[in-house]
Amino acid sequence: QVQVVESGGGLVQAGGSLRLSCTASGIMFSINTMGWYRQAPGKQRELVAAITRGNSTNYADSVKGRFTISRDNAKNTVYLQMNSLRSEDTGVYYCAINKYGGWPYWGQGTQVTVSS
């Protein structure tokens, strides 16, 4: 059974930083693309950042230069370092595992709130 668990969310002032972590189990972590999604109030869920098994990364335009995704395969963990946070970064952040071209495995989400 695949389990995905996020941690690291919280309340931060605008301009501050947070680091999210996501640990997966029950799956060959090292071969899968991992992604961070977020859902702001009243908006659709969007892909924020993704990292392939070869450590290629891509980012939403809104977070480029501010967020960094990385992975530690030995720990089955993916991270999202978020700097220069803005109020529009507020939302629930989800970690997801890509498999067979889709995203079938999700965590429960962690709340990030940026106060202005």
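Figured I'd write up the structure that's included with this text. Here the structure is a predicted model, which means the values were calculated and not measured.

### What to know about the pairing of strand 1 (residues 3–7)
Then, number 1: Only one face of strand 1 is covered, namely the face carrying Val4 and Glu6; the face carrying Gln3, Val5 and Ser7 is uncovered.
Then, number 2: Across 5 bridges, the pairing between strand 1 and strand 3 (residues 18–25) is antiparallel. Paired with Gln3 across the bridge in strand 3 is Ser25.

### Let's talk about the packing of aromatic side chains
Then, number 1: Overall, the coordinates contain 3 aromatic pairs when judged by the stated rule.
Then, number 2: Taking the centre distance of 5.5 Å and the plane angle of 80 degrees together, the rings of Tyr37 and Trp103 count as edge-to-face. With a gap of 66 residues between them, Tyr37 in strand 4 (residues 34–39) and Trp103 in strand 10 (residues 102–106) connect regions that are remote in the sequence.
Then, number 3: Given the relative accessible area of 22%, Trp103 is considered partly exposed.

Cut-off values and rules
- Along every chain, residues carry numbers that run from 1 in the direction the sequence is written.
- It should be noted that, the model being predicted, local features are given only for residues of pLDDT at least 70 and side-chain atom pairs only at 80 or more, the latter also being counted only at that level, while totals for whole chains, interfaces and linings use all residues.
- Excluding hydrogens and water, the side-chain values take into account all heavy atoms of the structure.
- Burial status follows relative accessibility: with a 1.4 Å probe on protein chains alone, a residue under 20% of its type maximum counts as buried, one over 50% as exposed, and anything between as partly exposed.
- Strands are runs of DSSP state E lasting at least 2 residues, helices are runs of H or I lasting at least 4, and numbering of each runs from the N terminus.
- Two strands pair if DSSP finds at least two bridges between them.
- Note on aromatic contacts: the rings of Phe and Tyr and the six-membered ring of Trp form a pair at centre separations within 6.5 Å, being stacked when their planes are under 30 degrees apart, edge-to-face when over 60 apart, and tilted otherwise.

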